[in-house]
Amino acid sequence: MVIADGILTPSMSVLSAVYGIKTKAGGLHDSYAVLITCLILVGLFALQHIGTHRVGFLFAPIILLWLLSISGVGIYNIIQWNPRVVSALSPYYVYKLFKLTGKDGWTSLGGIVLCITGAEAMFADLGHFSQLSIRIAFTAIIYPSLILAYMGEAAYLSKHKEDLQRSFYRAIPEVVFWPVFIIATLATVVASQAVISATFSIISQCWALKCFPRVKIIHTSNQMHGQIYIPEVNWMLMVFCLLVVIGFRDTDMIANAYGLTVVIVMFVTTCLMFLVIVMVWKRNILAAFIFVTVFGFVELLYLSSCLAKVAKGGWIPLIFSLIVLSVMYIWHYGTLQKQSFESHNRTSLDMLLSLGPNVGINRVRGIGLIYTNVLSGIPPMFSHFVTSFPAFHQVLIFVTFQFLTTPRVSANQRFIVSRIGPAEFRLYRCIVRFGYKDARKDSYAFETDLIETVRVFLQHESDDGDARDSVSEMPVNQHESDCLRDDVSMRAENGSGAGLTRCKRVRFCGVDNSKELEDLEDAREAGLAYMMGNTCVLARETSSFVKKFAINIVYGFLRRNCRSPSTALGVPHTSLIEVGMAYRV
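Each value, and the rule that gives it
Residues numbered from 1 in each chain as written. Predicted model: local features only at pLDDT ≥ 70, side-chain atom pairs only at ≥ 80, totals over all residues. Heavy atoms only, no water. UniProt positions renumbered as here; feature names shortened; annotations may be inferred. Helix = DSSP H or I, 4+ residues; strand = E, 2+ residues; numbered from the N terminus. Contact = heavy atoms within 4.5 Å. Axes fitted to C-alpha atoms, helices over the stretch in contact; angles between N-to-C directions. Parallel < 35°, antiparallel > 145°, perpendicular 65-115°, else oblique. Left-handed = near helix turned anticlockwise from the far one by under 90°. Nonpolar A, V, L, I, M, F, W, Y, C, P; charged D, E, K, R; others polar. Phe/Tyr/Trp six-rings, centres within 6.5 Å; stacked < 30°, edge-to-face > 60°. Buried < 20%, exposed > 50% of the residue type's maximum accessible area, 1.4 Å probe, protein only. pLDDT = per-residue confidence, 0-100.

- If you look the protein up in an unreviewed UniProt entry, it shows as Potassium transporter from Populus trichocarpa.
- Turning to the protein, the UniProt record has this under Function (unreviewed entry): "Potassium transporter."

## Considering the side chain of Ser-204
Okay, step 1: Relative to the assigned elements, Ser-204 resides in helix H9 (residues 177–208).
Okay, step 2: With residues near it in sequence (within four places) discarded, Ser-204 still touches Ile-217, Ile-228 and Ile-230.

## Concerning the environment of Val-14
Okay, step 1: Mapped onto the elements, Val-14 comes out in helix H1 (residues 2–18).
Okay, step 2: Residues Val-14 and Ser-192, 178 residues apart in the sequence, show an inter-C-alpha distance of 8.3 Å.
Okay, step 3: Every residue in contact with Val-14, bar those within four places of it in the chain, is listed here: Thr-37, Ile-40, Leu-41, Thr-188 and Ser-192.

## Some thoughts on the packing of H1 against helix H2 (residues 30–46)
Relative placement of two packed helices is described by the angle separating their axes and the distance separating the axes.
Okay, step 1: At their nearest, the axes of H1 and H2 sit 9 Å apart, and the two run at 135° to each other. Compared by their axis directions, H1 and H2 come out oblique. Here H1 and H2 pass one another in a crossing that is right-handed. Residues Pro-10, Val-14, Leu-15 and Val-18 of H1 pack against Ala-33, Ile-36, Thr-37, Ile-40, Leu-41 and Phe-45 of H2.
Okay, step 2: Taken together, the residues that form the contact of H1 with H2 break down as nine nonpolar, one polar and no charged.

## A closer look at the packing of aromatic side chains
Okay, step 1: In total, this model carries 22 aromatic pairs according to the counting rule given.
Okay, step 2: Taking 6.1 Å as the distance between ring centres and 55° as the angle between the ring planes, the aromatic pair formed by Tyr-169 and Phe-181 counts as tilted. With Tyr-169 in helix H8 (residues 167–170) and Phe-181 in helix H9, the pair connects residues that are 12 residues apart, well separated along the chain. As far as burial versus exposure is concerned, Tyr-169 and Phe-181 are alike and both buried.
Okay, step 3: Note on Phe-382 and Phe-398: the rings are 5.5 Å apart at their centroids and 80° apart in plane angle, and the pair reads as edge-to-face. Of this pair, Phe-382 sits in helix H15 (residues 380–388) while Phe-398 sits in strand E4 (residues 391–403), and the two are 16 residues apart along the sequence.
Okay, step 4: With relative accessibility at 0%, the residue Phe-398 sits in the buried group.
Okay, step 5: Within the aromatic cluster, the residues linked to one another by ring pairs are Trp-66, Phe-168, Tyr-169, Phe-177, Trp-178 and Phe-181.

## Here we look at the confidence of the model for the protein
Okay, step 1: Averaged over every residue, the pLDDT of the protein is 80; the share at 70 or more is 83%.
Okay, step 2: Confidence over residues 466–511 falls short of pLDDT 50; this stretch has 87 contacts with residues more than four positions distant or in other chains.

Right, dumping it as structure tokens:
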């Protein structure tokens, strides 16, 4: 629903602002208003790549000027048309409204909800401001300005009921109309920016939870983790916004969809707050129940009214959210099935250590980088390759990438190298860690740093003497292997730099490190190749039709059309070996 909000908020806000021109140019055709709206939306999305921090300094002045403008216009209208309207602050008139209007009053809540839209997007600003600053701004500036603006509009309508459809712009005094109109248009752009940023944030979190296909995430700020830009999502949002504006043109239908979206977001947030209060804040369950009851009851009133307008435009966010939810669920399910298959079908280290010249395995010159997500044992992709082509490079390095939530990882903590098995096998495992602001080096620089780290690792062992304790990875049982993998994942998520690998210590005596260093340099001169799996996840023949459709068609389509792992990691195409694998899940 937040993603749907990212489509409807720019469409609704910009189109409503542009329609204000018709109050001064009654002969203006709707097509011109739609054209102007589309141009503004294209410009808005085209500027997303520069990052919020580059234009963010304009947001506060624009919004502050906007709030002062509408509060000033509100005060003027209250004094000019109906000073008694200030009595509307009394809750008594809420009771009186429902008593006099009955069902019609309940129906009107679907329109009244538009007065509070925008509050649901305030969480997006937490990426830019502190909680205290938002509370002070809302209490001292935003709320009073909105109250004055709405009371002023009500005062104007009490004397000009015929202007109901365009009351906001009609209520603006002639002398300040165009300045206020320009400020209103700029304010809608800022409001749209906040929701677009929130959409990027939601997509980023879904991707991190393996609930969304791989996309390109660009962090536009060195300080704020939440300030990101996703090109694919940005242009898709723009296309959907244009389709909504061009397809409907009617702000009433878009408003119905917009109101339903906002109320559902707020109600779901309130329900989730029950879990936060009980499980995160460790407060009394009764306090959590009272919170959900009070706020949930009010939101359910608005939600029930908005549901009555599903046929009048409210179906738009419901259909869109259903499609997005289905895509997220299928991608998450397919990814988990793939990882489960690789985990249960990985080859033990005993099997690899037993391979040698006596069983027909040849070692060819060069270094092989095996990219894998498996943190212990041998990935099934490599086992499949060796079975089909009984040869691999004289030096093998199994590489696993971990992307942390810290901005940068220092150079001396980027690579964590360990040995797999005895030294004569020339097998190593390397965990490569990146912060979200670390620039991905080109392939040549990455190769140089990685091999240099392995060389330093071997040199350090050599300096310690011929007989020493060497951190080496040996076969472990299934339970210990799963614990190791979970331990590494948890530490990666928490940004911990210590203890990322927990390997058994085995004593190797009399290992000739000079020969090992010589072989590493010789392999480096011979060339380097990358190996990655190109997996095809398929449902079993005995699976249901629904599972076959989800896995074979939907998941397969998403996998083929999202960013490939080699592209995301910057692997040079000319040095890439892709091993095809078919997983039946």
